[in-house]
Amino acid sequence: MILELVKGFGLAGRHVFDALFRGKMVTVSYPEVRREQPVFFRGRHRLQRYEDGLERCVGCALCAAVCPSEAIYLEAKENNPANRVSPGERFAEVYQIHLLRCIFCGFCEEACPEDAIVMGPTYELASDRRTDFVAQKHEMLDPREKGFGDYHVYDPYISHVTPESDKEAKADPWALTS
Amino acid sequence: MTAMPEILKDDAEEIERLIGKYPSRRSAMLPLLWIVQRRAGWVSQGAMEEVAGILGVTVAEVYEVVSFYTMFQQKPVGRFHIALCDTLSCAICGTHEIAAYLAEKHGIEMRKVTGDGLFSMEPVECIGACANAPALLLNEDLVGDLTPAGIDAMIEECRRKAGATAAAAR
Amino acid sequence: MAQVTKGPACGIGATIGYGAPAGKVGRALEGVPEDQLFTMTLNGREVKARKGETIMEVCHREDTYVPHYCWHPSLSIAGNCRLCLVEVEKVPKPIIACQTQVSPGMVVKSASEQAKTAQEWMMEFLLVNHPLDCPICDRGGECQLQRYSMEYGTSHSRMADKKRKYVKPQADPLIDIERNRCIMCTRCVRFCDEVGGDHVMGVFARGNDNYIGTFGQGPVSNIFSGNVIDLCPVGCLTSKPFRFKARVWELTQTQTTCTQCSSGCKVTSWTRNGRLYRTTPPSRQRHDHFTINEDTEEFICNQGRFGADFSAHDSRRGESLVRRADRLEPAPFGDAVARAGKALREVVERHGGESVAILLSPRATNEEGLLARKLARDVVGTWSVDWRANQQSVEAANAVSAALRVADGDLESEPDVVVIVNGDIAHQSPVLALRIQELGRRHLKKIVMLGHYHDPYLAGHAAMSFHNAPGRTAEILAQLAGVLAGEASVADLASSLGRTEEDVRELVDTIKSAQSGLLVQSLQDFDGRYAPAEVPAAGALRAALGEGWGWLPVTGERNAVGLNALGCEPGEHGIGARGLLDAIGDGRIKAVVAIGADAIDPLGNEELLAGALSNLDAFVLADSFDSPYSRLATVFLGMAGNLETDGTAFDIEGNIALVKAGVDPVGDSRQGWRILTELGRALGRADFGADSIEDVWTQVRAELAADSDATLAALELEGGTNAAQFVVQRPAGGARNRAPEHNPGNYRTDGLHLRSAAFEAPKAGTAPSSSDPASAADGFLLTWGPHVSGRGYLQNRASIAEMLLPKPFLEVHPADAAAIGVKTNQFAVLHVNGLRTKVGIKVGRGPARGTVYMSAGVYGPFDPSSNAGPVEVRIEPLDELVPDQGEALIAAESAPESH
């Protein structure tokens, strides 16, 4: 019996020693330190921009259509050529995701024909106010200066997107007409 | 639909004769449009409205016809309109050199009207004069076997005619 | 273009489709003579077909779907999309089903390998220049190109070159044209040419450069232009007001009927979050979802399509108001209605029930009409209940009632001859005009026009037209009746019409030789001076026409037929809408209850009405809007607006249809029948009215069709088709609460109809003294076109009202124009009784010589009804032109941008 006790404490002691002195720590000291998420992690939604700052979202509402929990609401509007929001004729004026309804299935990013909506690495979604759980467009949108971002680094679904393919996409039909 | 220049006002008799040739009035559209083009050089919006009024059709129907036939000019052209053949035989025999020569020597550029309003030029498909390639149509006349010298003579002739008309007008 | 496929080639020949159940294209062969029939083989089955039919029509009848873009049952055959290629045995190559007529023993395979491959390749061709920008295209979700791509197309394209691109034109304020998406089916072009009545759209340029558009980037100007949006199988023509507002799959569809005019079209209202986004012809189920039927023959007018959102206007008021010490204060509905009841009771106690008048909007449903009449007759005890504020005089209103009471004609029976008297039908009941036009265009029936104004929309399809001198229509009709009865000579009629005897004899022969016919009479194009004489004359003519004929008096009011049949009229004892202002003036009326402010709005201008209404002891207004009238009310009761009301209504032909609420009433407002019920109870009759719309309907049904047990649900448009089998039946002399003179007589009993069975010509009314036509001799006789929603009380509140109102113009006969010295598009000053307005002139052959026609929007400043004397009209030409509509040069838009 004594022997078992010594064995047990010994194991615990070895792990403490490993963690403290041999750099084999398994926990991180959150919130000072955060774990890096795997590339396919489906966290809080982000709305991407093109390199020049225009929004990728054209307000087609396919994400809202495919959403199994009907968490997405959007209203589209016509672009003003003098002050455009997105490259095409149309952009999303209102874009809301109800994060309490969202089941983080990722269908929205799969449905998106413009690779506008992606699910980012953010998992800290708690709040003490219900209204905070309706994510508005400006909360999800990448900062303007960020431009063509680093999303392809962590998102395997859209890894085919490159700055070159973006330019091609934007050269398409509507530059002329609007 | 502003006040229209009445391009066809002097042709009332001819128009009635043409309309009488066909079972329905609208059939006379092409001959009427040719009269317009001969009078004004091109078919303006006002002219189309006038033709539509005469034939009792809508102006959209007239525009359907005008836009179908490329030889109806929808923009003002020079008094002498050069239709330079750009199809195979002529192209092989030097259409492009001729075009370059016209632009360099006489300042007549493709799809443009010269400053004095005398000349304009456009490329056209085969005008059926392959035997005389390269060839062009000067207004309604065929000019074939084009050479720089021939071009010079042709342009000179046109300028002379224009001068004579101007003198007569004076 | 249109003429090519008229007649048997259209093959549909038997019934018109508008407002009728779907599936009429592949019509049953019952009743077709045996020698016209033969057998053929379709996909291995023996089927019967009729001589002259096309393969497409046989396929439709046999429920075999053949994909198609350019073919449409209402339009001529173009055969240019080539998608309906099918295999026919012994024909080496696939041929198009839409244009190929069937022959005996023909063996057609619509889904064979050859046909499928051909269709696949055609899809690839059609997509060669299509931009595939579905995410931003408004058609997405209801696009035929999308659908066919999935069903008949391939997943890839071999098109490696650049696609053709056009500069986008800004042509029409209502229709967005995106030529890059066009597949050149030319449905829109053919629609404008054949149905819309003006060839404003065209196919321009040639070959690969083909594009559709309007001349000089002008608007698509006809009143049915919105239908090209539904006809377009791709995203080329989309609705501008609806542009990018929502995706179609997000919207809730309500199958209801339009409430704006007496055509009573069935429509689908597309709503989301309590807001109306768009109105379309009835949607149909296709596969597992509802969509607009691309082959719909139920066209609707622009006013119904784009102008139905007036309930969402800024002036909308949901709550009720009560006047306290000269101020209107918001109050809960219950308090407001109690206060209204108290105010009315006081008036009744002090001055008697007869001093109360109840006015109804002509849009009121049958349920509202019945309850209003019961409220008046049973509770308040007054005869004065009326819906006819739009009529221009008491006599005219009575003539309209008399005409509606005995009307016995409709278009469903497809009469051989349609005689139109004085019609500006296209503006007051557009789809009715469209259907008449359809009779002439597609079914080759004869249209004859009489009177001193001929509807330009229908005139193009008229086989014969006879203008008469202004104001002499009644006389002409009487003479024609005389000729038909053999009492008058053709020569006299000819001299009255100023035409040769031959012409007139042809007219008489046409009418006499017709198996069936319809006399269509427009009741509303005068200032109320002529209808009293013309209605009896038309009635006499109808009587002379005899068996097989019908009489269809046309007025633009939505539920005129229903309200008339339910007796919502004052008769001889009460005071009608037109006599109201006088009656208030001399103290006979002390209280007014108005259900909908458009029940009083047309009675005069604002000052006139405000002056009269402020003399009342009580003015109870149930309405949806803040208006000059709501500010004068003693009690304002918030009433549900368009698309918030349930009920039933009749169209001008006597067909009943369900008006269904698609959204909840705004704020605290209530549906009209509920307001009337509560009002009756507040007046001390606890048993008044009913607690559900179904109960009120039961009461209406008991009045109109005692034998029927149709529920409202039975009237509902199930799956977009009208499943109603409601039989209106009314035994002769049935009890009508204390109103024997409103007994509508013996109604005919075939399904869905409210039409008189025993025709009896109305008695001649007394025309007002000012109806002497000679008084117009030195000036002009004025006629005008009442627009579809009355005088614009509601219409003005539509979000794009200004785009829907036709550009105001004054139509003048060419001879008169020459005499005055005016030309088309020149401005002139129109003087009417000392008032004047500037208006653009249109020279046309609509009006007879000596008559001028004011379009809607011109007559605003004038109120002819308030003038007892003859109307003096003078036109003074101005040296100024109406500005151009298409500003850009055509050259700027002609060629495609690149190849």
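Here the structure is a predicted model, which is why all the values come from computation and not from measurement. (Residues numbered from 1 in each chain as written. Chains lettered and ligands numbered in written order. Predicted model: local features only at pLDDT ≥ 70, side-chain atom pairs only at ≥ 80, totals over all residues.)

*Asks:* I'd like a description of the overall build of chain B, backed by residues and values.
*Replies:* For chain B, the count of helices and strands is seven helices and four strands. Along chain B, helices and strands appear, N-terminal first, in the series α-α-α-α-β-α-α-β-β-β-α. Projected onto its principal axes, the C-alpha positions of chain B cover 50 × 40 × 25 Å. Long-range pairs, those at least 24 residues apart, make up 61% of the contacts in chain B between residues at least 6 apart in sequence. (Helix = DSSP H or I, 4+ residues; strand = E, 2+ residues; numbered from the N terminus. Contact = placed C-beta atoms within 7 Å.)

*Asks:* Outline the overall build of chain A, listing residues and values.
*Replies:* Across its full length, chain A holds seven helices and five strands. Along chain A, helices and strands appear, N-terminal first, in the series α-β-α-β-β-α-β-β-α-α-α-α. In chain A, which comprises 178 residues, the proportion classed as buried is 25%. Residue pairs in contact within chain A that sit at least 24 positions apart in sequence constitute 72% of those at least 6 positions apart. (Buried ≥ 20, exposed ≤ 12 C-beta atoms within 10 Å, placed from the backbone.)

*Asks:* Pulling in residues and values, what's your account of the sheet that holds strand β20 (residues 446-451) of chain C?
*Replies:* All names here are of chain C. In space, the five strands of this open sheet follow the order β21-β20-β19-β22-β23, with parallel pairing throughout. Two strands bound the open sheet, and with one partner strand each, they are β21 (464-467) and β23 (549-554). Pairwise comparison of adjacent strand axes, ignoring direction, gives a mean angle of 15 degrees for this sheet. Seen against the sheet, helix α15 (residues 501-513) touches β19 (417-421), β20, β21 and β22 (517-522) and runs at an angle of roughly 125 degrees to β21. The strands touched by helix α16 (residues 531-545) within the sheet are β19, β22 and β23, with β22 carrying the most contacts at an inclination of about 180 degrees. (Pairing = 2+ DSSP bridges. Axes fitted to C-alpha atoms, helices over the stretch in contact; angles between N-to-C directions.)

*Asks:* Tell me about the interface of chain A and chain C, residues and numbers included.
*Replies:* Interface size is commonly expressed as the accessible surface area that is lost when the partners come together. Taken together, the 16 residues of chain A in the interface contact 14 residues of chain C. Elements with a contribution of two residues or more to the side of chain A that touches chain C: α2 (62-66), β2 (72-78) and α7 (174-177) of chain A. A total of three residues in the side of chain A that touches chain C trace back to one element, the largest contributor, which is β2 of chain A. Here the side of chain A that touches chain C is composed, by residue class, of nine nonpolar, two polar and five charged. (Nonpolar A, V, L, I, M, F, W, Y, C, P; charged D, E, K, R; others polar.)

*Asks:* Mind laying out the sheet that holds strand β1 (residues 80-85) of chain B, listing which residues take part and the relevant values?
*Replies:* Residue and element names in this part refer to chain B. Taken together, the four strands give an open sheet; going across it, the order is β2-β1-β3-β4, and neighbouring strands pair in mixed fashion. One side of each edge strand has no neighbouring strand; the edge strands of this open sheet are β2 (119-124) and β4 (141-143). In this sheet, neighbouring strand axes are inclined to one another by 25 degrees on average, regardless of whether the strands run parallel or antiparallel. One ladder, built from three bridges, connects β1 with strand β3 (residues 136-138); its direction is antiparallel. Paired with Ile 82 across the strands is Leu 138, a residue of β3.

*Asks:* Please provide a residue-by-residue account of the confidence of the model for chain B, values included.
*Replies:* Residues and elements named next belong to chain B. The predicted model of chain B averages 89 in pLDDT, with 97% of residues at 70 or higher. Per-residue pLDDT, averaged within each element of chain B, yields its smallest value for helix α7 (residues 148-169) (88) and its largest for helix α4 (residues 59-68) (94). For this predicted complex, the interface confidence comes out at an ipTM of 0.88, alongside a pTM of 0.86. (pLDDT = per-residue confidence, 0-100.)

*Asks:* I'd like to hear about helix α3 (residues 45-55) of chain B, residue by residue, with values.
*Replies:* All names here are of chain B. Within the span of α3, buried status applies to Gln 45, Ala 47, Met 48, Glu 50, Val 51 and Ala 52. Those residues of α3 that are buried lie in contact with α2 (29-40) and α4. Residue Gly 56 follows α3 closely and has a positive phi angle near 70 degrees.

*Asks:* Give a description of the environment of Cys 63 of chain A that names residues and reports values.
*Replies:* Residues and elements named next belong to chain A. One can find Cys 63 in helix α2. Assessed through the 25 C-beta atoms surrounding it within 10 Å, Cys 63 is described here as buried. Sequence-wise, Cys 63 and Pro 113 are 50 residues apart; in three dimensions their C-alpha atoms are separated by 9.3 Å. Contacts of Cys 63, omitting those with residues within four sequence positions, involve Ile 72, Cys 108, Ala 111, Cys 112 and Ile 117.

*Asks:* Could you give an account of the domain arrangement of chain B, with specific residues and numbers?
*Replies:* For chain B, the assigned domains are domain 1 (9-68) and domain 2 (80-169). Computed over C-alpha atoms, the centres of domain 1 of chain B and domain 2 of chain B are 28 Å apart. (Domains from an automatic or database assignment.)

*Asks:* I'd like a rundown of the environment of Ile 183 of chain C, residues and numbers included.
*Replies:* Residues and elements named next belong to chain C. Position of Ile 183 relative to the elements: it lies in the loop between β6 (175-177) and α4 (187-196). For Ile 183, a count of 22 C-beta atoms within 10 Å puts it in the buried group. Between the C-alpha atoms of Ile 183 and Asn 642, which are 459 residues apart in sequence, the distance is 37 Å.

*Asks:* Before we move on, could you go through the pairing of strand β25 (residues 618-623) of chain C and cite the residues and values that matter?
*Replies:* Residue and element names in this part refer to chain C. Counting buried positions along β25 yields six of six residues, so the element is predominantly enclosed. Alternating residues of β25 divide into Ala 618, Val 620 and Ala 622 and Phe 619, Leu 621 and Asp 623, and every residue in both groups is buried. Two elements, strand β24 (residues 591-595) and β25, share five bridges in a ladder whose sense is parallel. In the sheet register, Val 593 faces β25, and the bridge partner there is Val 620. Handedness of the crossover joining β24 and β25 through helix α19 (residues 606-613): right-handed. (Right-handed = clockwise from strand over helix to strand, strands pointing away.)

*Asks:* Account for the packing of helix α6 (residues 95-106) of chain B against α7 of chain B, with residues named and values stated.
*Replies:* All names here are of chain B. Here α6 crosses α7 at 50 degrees, and the two axes come no closer than 11 Å. Taken together, the axes of α6 and α7 are oblique relative to one another. Remark: the crossing between α6 and α7 carries right-handed chirality. Residues Ile 98, Tyr 101, Leu 102 and His 106 of α6 form the contact with α7, whose participating residues are Pro 148, Ile 151 and Ile 155. (Parallel < 35°, antiparallel > 145°, perpendicular 65-115°, else oblique. Left-handed = near helix turned anticlockwise from the far one by under 90°.)

*Asks:* Which residues make up unusual backbone geometry, and what values do they have?
*Replies:* Following Tyr 30 of chain A, the chain continues into Pro 31 of chain A via a peptide bond in cis, with omega recorded as 0 degrees. Between Ala 133 of chain B and the following residue, Pro 134 of chain B, the backbone shows a cis peptide bond with an omega angle of -10 degrees. The backbone of Gln 217 of chain C sits at a positive phi, close to 55 degrees, despite the residue not being glycine. Judged by local crowding, Gln 217 of chain C falls into the partly exposed class, with 19 C-beta atoms found within 10 Å.

*Asks:* Tell me about the environment of Asp 295 of chain C, and please be specific about residues and values.
*Replies:* If you trace the backbone, Asp 295 of chain C turns up in the loop between β14 (289-292) and α6 (302-306). Given 17 C-beta atoms within a 10 Å radius, Asp 295 of chain C is considered partly exposed.

*Asks:* Would you mind going over the pairing of strand β26 (residues 635-638) of chain C in detail, with residue names and values included?
*Replies:* Two faces belong to every sheet, and in a regular strand the side chains alternate between them. Residue and element names in this part refer to chain C. The two faces of β26 match: Val 635 and Leu 637 on one face and Phe 636 and Gly 638 on the other face are all buried. Relative to β26, β25 runs parallel, the two being bridged by four bridges. Paired with Val 620 across the bridge in β26 is Val 635.

*Asks:* Describe helix α1 (residues 2-21) of chain A, listing the residues and the values that go with them.
*Replies:* Residues and elements named next belong to chain A. Here α1 contains 20 residues, and its C-alpha end-to-end distance of 27 Å stays within 8% of the 28 Å for a straight helix at 1.5 Å per residue. For α1, a buried count of zero out of 20 residues is recorded, marking the element as mostly open to its surroundings. Gly 23 occupies a position one or two residues after α1 and carries a positive phi of about 70 degrees. (Expected span 1.5 Å × (residues − 1).)

*Asks:* An account of the confidence of the model for chain A is needed here, citing residue identities and associated values.
*Replies:* Residues and elements named next belong to chain A. Here chain A shows a mean pLDDT of 81. Residues at 70 or above account for 80%. Per-element confidence in chain A ranges from a low mean pLDDT of 38 for α7 to a high of 95 for α2. Contacts of residues 149-160 to residues separated by more than four positions or lying in other chains number 19 contacts, the stretch itself having pLDDT below 50. Low pLDDT (under 50) marks residues 172-178, which in the prediction has 14 contacts with non-local residues, meaning those over four places away or in another chain.

*Asks:* So what's going on with the packing of helix α8 (residues 366-380) of chain C against helix α20 (residues 672-682) of chain C? Which residues, and what values?
*Replies:* All names here are of chain C. Where α8 meets α20, the closest approach of the two axes is 8 Å, and the angle between their N-to-C directions is 15 degrees. Here α8 is positioned roughly parallel relative to α20, judged by the angle of their axes. Crossing angle aside, the handedness with which α8 passes α20 is left-handed. Contact with α8, carried on its side by Glu 367, Glu 368, Leu 371, Ala 372, Leu 375 and Val 379, involves Gly 672, Trp 673, Leu 676, Thr 677, Leu 679 and Gly 680 of α20 and no other residues of that element. When the residues that make up the contact of α8 with α20 are grouped by side-chain class, the tally is seven nonpolar, three polar and two charged.

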